[in-house]
Amino acid sequence: MRKGIRVGFFGLLLAAAGVCAASGPWVSDFTPSAWNPAVGDVVNFSVCDSCLGSGAYTYRWDFNSDGTVDAETPSTLAACTFDTAGFYAVKLTERDAGGREETRAKGILAGPMPAHGVREVIVQEDGAVFVAIRVNVTQVTSAPGLVESIPAGWQIEVVDAAGAMTNVNSLKRELEVAWLNQVMPGDEIVFTYRLYSNYSSQVRTLSGEVSGYVGGARFAAPVCGELGIP
């Protein structure tokens, strides 16, 4: 057992041999049962079946992105318990019977946090990338804020600021977002923006931070959800 996580899985550990390779395009994708679980809670991970073609697949899970495979299974279900509070970049590598591989990484934030953000990404037909960040509030929070890094080679356009003040910091290549009001437990703020590639860029990673003040003390936490442009 490696520090900070406990792994579970469903099904056999070894992929079946002699199965024909999948044909046609497919993508790697998965969904966790919780983005901000309590320390010690079991988080179930489900692979997106509709994203796959026909054939057999093997799923390799690295639950803390340390480069070590924590579980390898032909099952589309896996589970992990995060025993230490913190941010975990969960990486799934899917491999078909022909040896082709696709990967996906998503962030999980374990432990209590007054507010946390979850990033969703949709690649549009014209090549633009639509990004939505849902900020979920669990404690009374003053002046919530959001910072998103702008990948090199991309331009950014705010679609819906959800009442926030926004600023594009060109020097830091960051989108700075601030709400001047107080938010309450159970509130959800949905902020959306769009990315446009202005030249052939290989930079597809995404990162950001949600922040705010509780009782006069500032907190900050990485944005969960998608960690890159699929």
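Residues numbered from 1 in each chain as written. Predicted model: local features only at pLDDT ≥ 70, side-chain atom pairs only at ≥ 80, totals over all residues. Heavy atoms only, no water.

Draft legend 1. How the structure looks around the pattern of salt bridges. Tallied over the entire structure, the rule returns 13 salt bridges. Across the pair Arg104 and Asp29 runs a salt bridge, and its minimum N-O distance is 3.8 Å. With Arg104 in strand 8 (residues 101–110) and Asp29 in the loop between strand 1 (5–9) and strand 2 (30–32), this residue pair connects regions lying 75 residues apart in the sequence. In this structure Asp29 comes out as buried when scored by relative accessible area, which is 17%. The salt bridge involving Arg100 is made with Asp96; its shortest N-O contact spans 2.7 Å. Overlapping salt bridges, with partners in common, bring together Asp29, Arg104, Lys106 and Glu226 in one network. (Salt bridge = Lys/Arg side-chain N within 4 Å of Asp/Glu carboxyl O. Helix = DSSP H or I, 4+ residues; strand = E, 2+ residues; numbered from the N terminus. Buried < 20%, exposed > 50% of the residue type's maximum accessible area, 1.4 Å probe, protein only.)

Draft legend 2. Local environment of the environment of Pro222. As for its placement among the helices and strands, Pro222 is situated in strand 18 (residues 217–222). In this structure Pro222 comes out as partly exposed when scored by relative accessible area, which is 34%. Residues Pro222 and Val210 lie twelve residues apart in sequence; the distance between their C-alpha atoms is 6.3 Å. Setting aside its immediate chain neighbours within four residues, Pro222 contacts Phe87, Gly208 and Glu209. (Contact = heavy atoms within 4.5 Å.)

Draft legend 3. Spatial organisation of the packing of aromatic side chains. Inspection of every chain in the model, using the stated rule, returns nine aromatic pairs. Ring centres 5.2 Å apart and planes at 80° place the aromatic pair Phe30 and Trp61 in the edge-to-face group. Of this pair, Phe30 sits in strand 2 while Trp61 sits in strand 4 (residues 57–62); the two residues are 31 residues apart in sequence, bridging distant segments of the chain. With respect to class, Phe30 is no different from Trp61; both count as buried. (Phe/Tyr/Trp six-rings, centres within 6.5 Å; stacked < 30°, edge-to-face > 60°.)

Draft legend 4. Structural detail: the pairing of strand 13 (residues 165–169). When strand 13 meets strand 14 (residues 174–178), the two strands line up antiparallel, connected through five bridges. When the bridges of strand 14 are listed, Asn167 appears paired with Glu176. Where strand 13 folds back onto strand 14 in an antiparallel hairpin, the turn is made up of four residues, including Arg173, whose phi is positive at roughly 55°. (Pairing = 2+ DSSP bridges.)

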